[in-house]
Amino acid sequence: MASCRSLLSEDQFHCSVCLDVFTDPVSILCGHNFCKACITKYWNNCDLFQCPMCKLTFDKRPDLYVNTFISDLAAQFRKSEPPKATISPDLRPTKPEVSCDYCTSTKFKALKSCLVCLASYCETHLEPHQRVAVLKKHKLIDPVENLEDRMCQKHERPLELFCRTDQICVCRFCTETDHKTHDTVPLEEECQVKKTQMKKTEGDMQQMIQEKLEKVQEIKLSVESSKREAERDISDSVQVFTALVRSIERTQAEFIEVIEEKQKAAEKQAEGLIKDLEQAITELKRRSTELEQLSLTEDHLHLLQSFPSLSTPPHTKDWSEISVHSGLSVGAVRTAVSQLEETLNKEMEKLSDTELKRIQQYAVDVTLDPDTACPYLILSEDGKQVRDGDIEQDLPDNPERFDSCSCVLGKQGFSSGRFYYEVQVEGKIEWGLGVVRESINRKGEITLSPEYGYWTVWLRNGDDYEALAGPSVLLSLRQKPQKVGVFVDYEEGLVSFYDVEARSHIYSFTGCTFTEKLYPYLSTDCDYVDDAPLIITPVTH
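Worth saying up front: this structure is predicted, and the values here are computed from it rather than measured. (Residues numbered from 1 in each chain as written. Predicted model: local features only at pLDDT ≥ 70, side-chain atom pairs only at ≥ 80, totals over all residues. Heavy atoms only, no water.)

A. Region of interest: the packing of aromatic side chains. Within the structure shown, the criterion is met by 10 aromatic pairs. Plain terms: the ring middles of W455 and F514 are 5.1 Å apart, the flat faces sit at 85 degrees to each other, and that makes the pair edge-to-face. Note that W455 is positioned in strand β17 (residues 454-460) and F514 in the loop between β22 (504-509) and β23 (518-523), a separation of 59 residues in sequence. By relative accessible area, W455 is classed as buried at 4%. (Phe/Tyr/Trp six-rings, centres within 6.5 Å; stacked < 30°, edge-to-face > 60°. Helix = DSSP H or I, 4+ residues; strand = E, 2+ residues; numbered from the N terminus. Buried < 20%, exposed > 50% of the residue type's maximum accessible area, 1.4 Å probe, protein only.)

B. Examining the environment of L301 more closely. Tracing the chain through its elements places L301 in helix α7 (residues 300-311). Once the C-alpha coordinates of L301 and I256 are considered, the two residues, 45 residues apart in sequence, prove to be 65 Å apart.

C. Highlighting the sheet that holds strand β11 (residues 184-186). One open sheet holds the three strands; their spatial order is β10-β9-β11, and the pairing between them is antiparallel. In this open sheet, the two edge strands, each paired with only one partner strand, are β10 (168-170) and β11. On average, each strand axis in the sheet is tilted by 35 degrees relative to the strand beside it, whichever way the strands run. Inspection of the sheet shows strand β9 (residues 161-163) paired to β11 by three bridges, in the antiparallel sense. (Pairing = 2+ DSSP bridges. Axes fitted to C-alpha atoms, helices over the stretch in contact; angles between N-to-C directions.)

D. Region of interest: the side chain of E422. Looking at the element boundaries, E422 is found in strand β15 (residues 418-424). Salt bridges are absent for the buried E422, whose nearest opposite-charge side chain, K483, sits at 4.4 Å. For E422, the side chain forms a polar contact with the side chain of Q360, separated by 2.9 Å. Within the structure, E422 has its side chain in polar contact with the side chain of Y420 (distance 2.6 Å). Residues contacting E422, with those up to four places away along its chain left out, are Q360, K483, V484, G485, V500, I535, I536, T537, P538 and V539. (Lys, Arg positive; Asp, Glu negative; His and termini not counted. Salt bridge = Lys/Arg side-chain N within 4 Å of Asp/Glu carboxyl O. Polar contact = N/O pair within 3.5 Å; in protein donor to acceptor, adjacent residues only side chain to side chain. Contact = heavy atoms within 4.5 Å.)

Rendered as structure tokens:
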């Protein structure tokens, strides 16, 4: 026996209001059938009692009669109907709130928009498009506003095609005129292409978002690291300056104590001298009185006998060379200041050691670039050593190569952040180390100064150390460095050099402005062959 689905049209079992299979179907006086809940709700929201299908108007609200025949058929049809896929309300796309263009009083929400009629319809007014054969051919879409924007302004036809040549939407008449030779495709086809592109674009954007989130995290971590470094710097500086203040106070106290002790000794010496002088004065006064009395006597014999003993001055020391002084000199102050300088140097050594430990965490693996090496230089296979050669090698004269100065650069350049590397210079008579900017002159005579992109420190003739700061700055080092560390802070504009084994600071270029990549620089420039190599060594923390 044939099923009800095969005998009757599917539309005959759908309510024209809800567009779904009848639930509790009822008939009204004109003979049309509706779900009981649908027609009840429809009339509750209308001022007139009319049929949603034929628009027949009734004087009063009609009675509803249960249509048992339709009810039985609808139940059978519902059983034979394949289950519909359900979509979670949270996942359903939100439809725009578009009103029906044909509702007169109460405007119901439009269910569909017709691209042919250029109108939007609610469930009731959409019914002709589902029933009338001609209207069924119209293209229905989800409700949208401004339907006139979907029409070709020139031909007043729906925009159904996409011109890939001009990248605009066109109607079918356009393909026969202005876009006749252009590459046109249906909107659906181009949408699929665009959706594919959108997925890729979305993937790219997600990647960019992720990269920026990672950069935000990196900056936050950098700020935290900077904060910790600032706290360590404050702590170290407090220790250094506290030690210096204590040393100054202690040296000052000791210096004052020495002055006071010497002053007390001088006062004691003066007291003894004054006592001796007072005694001599008393004796001289006594003799002066006796001489005065003797001069008045009439006893000639007595005068002649007493005169010799009174006329001879009493024996006293020679006071002309005697003086009182504290024994202090300008040298005493200089000695005290020298002690302070020694203390300061010790504190600076401690600070340099702490500083070097801290910057060694920015160590990078430097490998020399053979394409930049002067033809007179010989590089090791691993790119970690360079020494002078006695003959010029036959090498390509590429733009990166130094042609006359015995220089070589590292392969990797740096355009931000901090980096540090160490070079063993033991046994070298002449060497140059530092960093250079990418655009430096590498041909012919070269001027080594920051103005020309070179930040370097040099050893000349085995004894003379200088920073080529333009003009050069002679450096006084306590000992010859055997290993030199080079540190760069790109954003800070700082290039510093350290004696790694002595844990001491050699020199710093400060206030530099970097706008290009910086490359490690090594030179063994010498007038004669120097067999000892410069060796890039691993950094030991």
